[in-house]
Amino acid sequence: METIRAPRGTALSARGWPQEAALRMLCNNLDPAVAERPDDLVVYGGTGKAARDWPSFHALVRTLSTLDDDETMLVQSGRPVGVFRTHEWAPRVLIANSNLVPDWATWPEFRRLEQLGLTMYGQMTAGSWIYIGTQGILQGTYETFAAVAAKRFGGTLAGTLTLTAGWRRVDTRYLDVVAATLDDGVELALEAVAERRALSVGVVGNAATVVPELLRRGVPVDVVTDQTSAHDPLSYVPIGFTVEDAAGFAREKPEEYAERSRASMAVHVEAMVGFLDAGAEVFDYGNSIRGEAQLGGYGRAFAFPGFVPAYIRPLFCEGKGPFRWAALSGEPADIAATDRAILELFPDNEPLARWIRMAGERVAFQGLPARICWLGYGERDRAGLRFNELVAAGQVVAPIVIGRDHLDCGSVASPYRETEAMADGSDAIADWPLLNALVNTASGASWVSIHHGGGVGIGRSIHAGQVSVADGTPLAAQKLERVLTNDPGMGVLRHVDAGYDIADRVARDAGVRIPMREAL
């Protein structure tokens, strides 16, 4: 198969930088340094694709290359289906991925339609062309574990032991060392704990057997979570299968394979609950493993909470969430310049500064150089405008593309993750991500997407994304100011409406108009 990489430099292959940005980010998603299975167009998460098939990919590239500044391409589940004349403030691309009518929103029906070539799974940032590699989830993990430390361990995780599964990257330094055996792995980890030394140790094995074994041995684990691809049972490897055997069996007998996966997840989650009963801090990191384990027959699957209600919701109430950007030039120096700009803009935010410094030292770029950090309402617009100034002044080589994960404060309805245990019971209300996509479209985002399923699976979420381009022009500045105010503002609105006092305070202090509060 052909190797796809994003163009670099300042030469345009499209008719404008917004179109060029979409083209480069689409290609970047399929860079072998980024994508999980680029030959299959799969970016991450087991089946999350950037385009439905190779003819669709090539049609996307052709269309983006010829799209005018007042035209919008429509993408239906990874396939470009039309171009309409709109206007310069309209998005250049509108994307809808994996969306099914609710009564039909099941994995078997989705797979039937996928086999017919009618849809694809867009995950979150795979099908919206703003995936930036492992860094994208790493920074959210940083925020989550900072909250875990504050809640349970006096503000530091030094001297604690965390257990998870799903991380496999050694070459890019997200994992420090791979142990030869489980015994060796435990020994290395406990030595680091005793020395209060940061160390990540990988052991090759099946989580559904390793996690119960660690529980049986009484290994003193302090924090437990999981990051396997559990949202789709066909992406999880059941007990007794090799990775190679699993793929073939899943293709040939998907329903039987799904049953075996869920049975293994039940064993996996039962062990996690065992650690909970032993006193560990245990949480679901958003991969839907509790729901799958419950389907597999384990009755206490929801004994531990999801990470959003446990740690992150106060940040969501403030409009905080994942703000990510990529250097379209391909030059690492451009990211260094934006890192400095972030530190200058928010000098009093030490956790943010620590992340930016550590990321610059330790995070390996995958594909186009990129960065992520969590910023809130009143902060994202300042960062976006500053990046646009850098482009205008020639302090970076080429424009900067700005987006976010769909996992954000006001862009998703997901009762097993972002909207789990809402104060007013509105977990499954999906109007909010639709409004989010609409307001970003109206505000001037460069491309906007609405997806179904994401990281938790078919039938379990609706979510929206936006991407905006800082190309140094006055028009881009106007768009960035609106999009990067209104997008996180949706998080404030959503949590005000659900009855959270923190969101009420943020709205009052920032002058966010809440009609129902005005009526009072």
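Here is a short report on the structure shown in this document. (Residues numbered from 1 in each chain as written. Predicted model: local features only at pLDDT ≥ 70, side-chain atom pairs only at ≥ 80, totals over all residues. Heavy atoms only, no water.)

1. Overview of the overall build of the protein chain
Note the following rule: Numbering of helices and strands starts at the N terminus; helices are DSSP runs of H or I of at least 4 residues and strands are runs of E of at least 2. The size measure is the radius of gyration over C-alpha atoms, and the globule rule it meets is 2.2 Å times the number of residues to the 0.38 power. Note on classification: 1.4 Å probe, protein chains only; a residue is buried when its accessible area is under 20% of the maximum for its type, exposed when over 50%, partly exposed between these limits. Note on contacts: a residue pair is in contact if any heavy atoms of the two residues lie within 4.5 Å. Residue exposure ignores everything except the shown protein chains as possible cover, and the areas themselves are Shrake-Rupley values with a 1.4 Å probe. In this tally Asp and Glu are treated as negative and Lys and Arg as positive; neither His nor the chain ends contributes. Charge coordinates come from a single atom per side chain, which is NZ of Lys, CZ of Arg, CG of Asp or CD of Glu.
When helices and strands are counted, the protein chain shows 17 helices and 16 strands. Here the C-alpha atoms of the protein chain give a radius of gyration of 22 Å, agreeing with the 24 Å that 2.2 N^0.38 yields for 520 residues. Counting only C-alpha atoms and orienting by the principal axes, one finds that the protein chain spans roughly 60 × 50 × 50 Å. Within the protein chain, the fraction of its 520 residues that count as buried is 56%. Partitioning the intrachain contacts of the protein chain with sequence separation of at least 6 by distance along the chain shows that 70% fall at a separation of at least 24. Carbon together with sulfur atoms contributes 54% to the accessible area of the protein chain, which is approximately 20,800 Å² in total. For the protein chain, the separation between the mean place of its 49 positive charges and that of its 64 negative charges on side chains is 1 Å.

2. Observations regarding the sheet that holds strand β9 (residues 223-224)
Note the cut-off: Strand pairing is assigned whenever DSSP identifies at least 2 bridges connecting the two strands.
On the basis of which strands lie adjacent, the open sheet formed by 3 strands has the order β6-β9-β10 and parallel pairing. In the strand order of this sheet, the two ends are held by β6 (162-163) and β10 (281-282), each with one partner. As judged from the 2 bridges shared by β6 and β9, these two strands associate in the parallel manner. Bridging across to β9, threonine 162 finds its partner in valine 223.

3. Points about the pairing of strand β5 (residues 93-97)
Side chains of β5 alternate between two faces, with Val93, Ile95 and Asn97 buried and Leu94 and Ala96 left unburied. Two strands pair when backbone bridges link them, and strand β3 (residues 71-76) and β5 are joined in this way by 4 bridges, in the parallel orientation. Of the residues in β5, the one forming a bridge with leucine 74 is leucine 94. When β5 meets strand β15 (residues 447-452), the two strands line up parallel, connected through 5 bridges. Across the sheet, the residue bridging to asparagine 97 is histidine 451, located in β15.

4. Looking at the packing of aromatic side chains
Heads up, the condition is: A pair of Phe, Tyr and Trp rings is counted when the ring centres sit within 6.5 Å of each other, with Trp represented by its six-membered ring. The angle between the planes then sorts it: under 30 degrees is stacked, over 60 is edge-to-face, the rest tilted.
All chains considered together, the criterion is met by 18 aromatic pairs. Relative to tyrosine 257, the ring of phenylalanine 249 lies with its centre 6.3 Å away and its plane at 40 degrees, an arrangement referred to as tilted. For the residue pair phenylalanine 249 and tyrosine 257, the accessibility class agrees, reading buried in each case. Site record: aromatic cluster; members linked through ring pairs are Phe145, Phe283, Tyr285, Phe307 and Tyr311.

5. Comments concerning the nonpolar core
The condition is simple: The nonpolar core is taken to be a set of buried Ala, Val, Leu, Ile, Met, Phe, Trp, Tyr and Cys residues, with the residues joined through side-chain atoms within 4.5 Å.
Residues Trp129, Phe387 and Trp447 are the most contacted members of the largest nonpolar core, which totals 87 residues. Residues Leu161, Ala165, Val210 and Ala230 belong to the second largest nonpolar core, which totals 30 residues.

6. Notes on the pairing of strand β13 (residues 400-403)
Across the two faces of β13 the burial is the same, with Ile400 and Ile402 and Val401 and Gly403 all buried. Across 4 bridges, strand β11 (residues 321-327) lies against β13 in antiparallel orientation. When the bridges of β13 are listed, tryptophan 325 appears paired with isoleucine 402. Pairing analysis gives 3 bridges linking β13 to strand β16 (residues 462-470), with the strands arranged antiparallel.

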